Amino acid sequence: MQSVPTIGVLAIQGGVREHLHALELSGARGTLVKTRMQLDEVAALIIPGGESSTMDKLARTFGLMEPLREARAGGLPMFGSCAGMIMLADRISGAIADQESIGGLDITVERNAFGGQTHSFETGIVIKGIRDPEQEFEGVFIRAPWVITAGESTDVIAEISSGPHEGRIVGVRSDTLMATSFHPELTADPRVHELFVEMVRNS
Amino acid sequence: MSSEISTGTSRVKRGMAEMLKGGVIMDVVNVEQAKIAEDAGAVAVMALERVPADIRAEGGVSRMSDPDMIDAIRAAVSIPVMAKVRIGHFAEAQILESLGVDYIDESEVLSPADYANHIDKWKFTVPFVCGATNLGEALRRLTEGAAMIRSKGEAGTGDVSNAVTHMRKIRSEVLRLSSMAPDELFVAAKELQAPYDLVAEVARTGSLPTVLFTAGGIATPADAALMMQLGADGVFVGSGIFKSGNPAERANAVVQATMHYDNPDVIAKVSRGLGEAMVGINVADIPVHHRLEDRGW
């Protein structure tokens, strides 16, 4: 019998509900994290899509940013999609003045890299490490960031495979951290969340 | 699914609105206000020439904003920029799409261009948000291709009562559908004047298939908390912020109250010392034919 870890979803703003649902499909229990106390009770954390500038601002206003950084430094597994990727990046290009992140992934991300909403798109993505990796994943990109550079400690797990943005890095992971430019929580395919739950079980 | 690139899909349009949940979208009329909104943690701004309170005070025909003004705001902020078109005015929508705005609000706050038809929103790559006073109206807008619904309040008043009425109405109609027997849904569709398939989907899932924000008359952090507790996914604030005494403080407070809408200690704290709220007009004092919420059909 596999363990059922309790995984928090940072509930400042954004696609919280969808991640909770995806966790249910992936052998974990999802719970909201809005406060430091709630953060202390989870085995891992998902940072959802939304507006990274809003999440940063409110995380600092309510004294959550330092506890988030401490938890990450202490090895708490974290997965960020879209804005969540920006929150986990060490360096942000196109940030608003004074914008901060939790950091931890040795990457530089470009905010809104593909352009505005009329450039948001779907495309099939091959992701390393998920179940049935040869089977494409439905990549949903909404005003999405991409990774400009990834350090040596960071594995690239997904790239755009065709079109004008071919070769752009849209998925990365390290030992305890994972981030995607796209929104696996907006699909019915649980494989990315399953990979994260596996990372949590192994941590 | 293939490795081809598809833009303007329903999932991308509705998904964009999902990412705004729990956030505040603020009306702004210039770059300075847009920056204040972004700094306060707004998830998007609505660029328009006059906020509803001024449209109401000044009267006349109210139209899409000048493209120069929209471009200036798009250049000044990194959060999504929305803009309004008149109901049925698809040429204004074509212009906004060509400018590259992130969302179009087909809005009753502007003067309607078509008193029979709304825009065929399926034709556009850019997503649309539309207002609704009841479930039937919301479902008709979704049928036309809207990817996000906001309840209508009475914009430009600072009176939250109509926003409450419409949010409660939509929520209770959804609940009613979800408790009905399958063979009653055909008549329900007829009564709601909405397609059966959408009515059956709402009945099965117990919710709208898109995000439902609130709008119209929200002026205080407590108003935002009230609407969130009534089931709004997020908040549009029009005149309430920049018609108040201290816009930056109030913008911060409304954003914080929207995140912690179920925590009265936080709402109490952020409600202190905000200065004058917008003056406000009681909806009951507005002649019926001057009410904006009745526009749209």
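K.L.:
Can you help me understand the interface of chain B and chain A in this one?
P.N.:
Many descriptions give the size of an interface as the accessible area lost when the pieces come together. Between chain B and chain A, the contact holds 44 residues from the first and 42 residues from the second. Each partner contributes to the roughly 3,400 Å² buried at the junction of chain B and chain A, and carbon and sulfur atoms together form 58% of this total. For the interface between chain B and chain A, the tally reads 6 salt bridges. For the salt bridge of A:Glu138 with B:Arg11, the shortest nitrogen-to-oxygen distance reads 2.7 Å. Remark: the boundary between chain B and chain A carries 21 residue pairs in polar contact (both at pLDDT 80 or more). Among the elements of the structure, strand S1 (6-7), helix H1 (10-18), helix H2 (31-40) and helix H12 (247-259) of chain B are those that each provide at least two residues to the side of chain B that touches chain A. Per element, the largest residue contribution to the side of chain B that touches chain A is 6 residues, and it comes from H1(B).

K.L.:
Just checking my understanding: could you explain the environment of B:Leu110 for this structure?
P.N.:
Inspection of the secondary structure assignment puts B:Leu110 in the loop between strand S5 (103-107) and strand S6 (128-132). In this structure B:Leu110 touches B:Ile55, B:Ser62, B:Arg63, B:Met64, B:Lys84, B:Val85, B:Arg86 and B:Arg295, once residues within four positions along its chain are discounted.

K.L.:
Please explain the pattern of salt bridges as it appears in this structure.
P.N.:
Summed over all chains, the structure comprises 30 salt bridges over all chains. For A:Arg111, the salt bridge is made with A:Glu51, and the minimal N-O distance between the two is 3.5 Å. Of the two residues, A:Arg111 sits in the loop between strand S6 (105-110) and strand S7 (121-125) while A:Glu51 sits in the loop between strand S3 (44-47) and helix H3 (52-61), which places them 60 residues apart along the sequence. For the pair A:Arg111 and A:Glu51, one class covers both residues: buried. B:Glu92 is the salt-bridge partner of B:Arg86, the closest N and O atoms lying 2.8 Å from each other. There is no split in this pair, since B:Arg86 and B:Glu92 are both buried. Residues joined in a network through salt bridges with shared partners are A:Asp56, A:Arg60, A:Glu66, A:Arg69 and A:Glu100.

K.L.:
Would you mind going over the environment of B:Ser239 with me for this structure?
P.N.:
Residues and elements named next belong to chain B. Counting through the fold element by element, Ser239 comes out in helix H11 (residues 239-242). Take Ser239: its relative accessible area is 3%, and that puts it in the buried class. A sequence separation of 187 residues divides Ser239 from Pro52, and the C-alpha atoms of the two residues are 6.1 Å apart. Residues within four places of Ser239 in sequence aside, it is in contact with Asp27, Val51, Pro52, Ala53, Gly156 and Met278. For Ser239, the side chain forms a polar contact with the main-chain nitrogen of Ala53, separated by 3.0 Å.

K.L.:
How should I be thinking about the sheet that holds strand S8 (residues 137-141) of chain A in this particular structure?
P.N.:
Backbone hydrogen bonds are what pair the strands of a sheet, in a parallel or an antiparallel way. Spatially, the 3 strands line up as an open sheet ordered S8(A)-S7(A)-S1(B), and their pairing is antiparallel. Each edge of the sheet is formed by a strand with only one pairing partner; in this case those strands are S8 of chain A together with S1 of chain B. As paired elements, S7(A) and S1(B) share 2 bridges and run antiparallel to each other. Within the sheet, the bridge partner assigned to A:Glu122 lies in S1(B) and is B:Ser6. Of the strands in this sheet, S7 and S8 of chain A touch H1(B), which is tilted by about 55 degrees from S8(A).

K.L.:
How should unusual backbone geometry be read in this particular structure?
P.N.:
Trans peptide bonds make up most of the peptide bonds, and negative phi angles are found at most residues other than glycine. The phi torsion at A:Cys82 lies on the positive side, around 55 degrees, for a residue other than glycine. For A:Cys82, the location among the structural elements is in the loop between strand S4 (78-81) and helix H5 (83-88).

K.L.:
Is there a simple way to think about empty space enclosed by the protein in this case?
P.N.:
Regions of empty space are outlined by a rolling probe, equal in size to a water molecule, passed over the atoms. All names here are of chain B. Under the definition given, this model contains 6 cavities of 30 Å³ or more. Approximately 200 Å³ is the volume found for the largest cavity. Along the walls of the largest cavity sit 25 residues, with Pro52, Ala155, Ala215, Gly216 and Gly238 positioned nearest its centre. Of all elements in the fold, only S5, strand S9 (235-237) and H11 reach the threshold of two or more residues within the lining of the largest cavity.

K.L.:
Sorry, what's going on with the side chain of A:Ser52 here?
P.N.:
Residue placement: A:Ser52 occurs in helix H3. If we ignore the near neighbours within four places in the chain, the residues touching A:Ser52 are A:Ala83, A:Ile86, A:Met87, A:Gln99 and A:Arg111.

Procedures and definitions
Residues numbered from 1 in each chain as written. Chains lettered and ligands numbered in written order. Predicted model: local features only at pLDDT ≥ 70, side-chain atom pairs only at ≥ 80, totals over all residues. Heavy atoms only, no water. Contact = heavy atoms within 4.5 Å. Buried area = accessible area lost by both parts, 1.4 Å probe. Salt bridge = Lys/Arg side-chain N within 4 Å of Asp/Glu carboxyl O. Polar contact = N/O pair within 3.5 Å; in protein donor to acceptor, adjacent residues only side chain to side chain. Helix = DSSP H or I, 4+ residues; strand = E, 2+ residues; numbered from the N terminus. Buried < 20%, exposed > 50% of the residue type's maximum accessible area, 1.4 Å probe, protein only. Pairing = 2+ DSSP bridges. Axes fitted to C-alpha atoms, helices over the stretch in contact; angles between N-to-C directions. 1 Å grid on protein atoms, 1.4 Å probe; cavity = no way out; pocket = protein on both sides within 12 Å on 5 of 7 lines; lining within 4 Å. Points joined across faces, edges and corners; volume = space filled by probe spheres on them.

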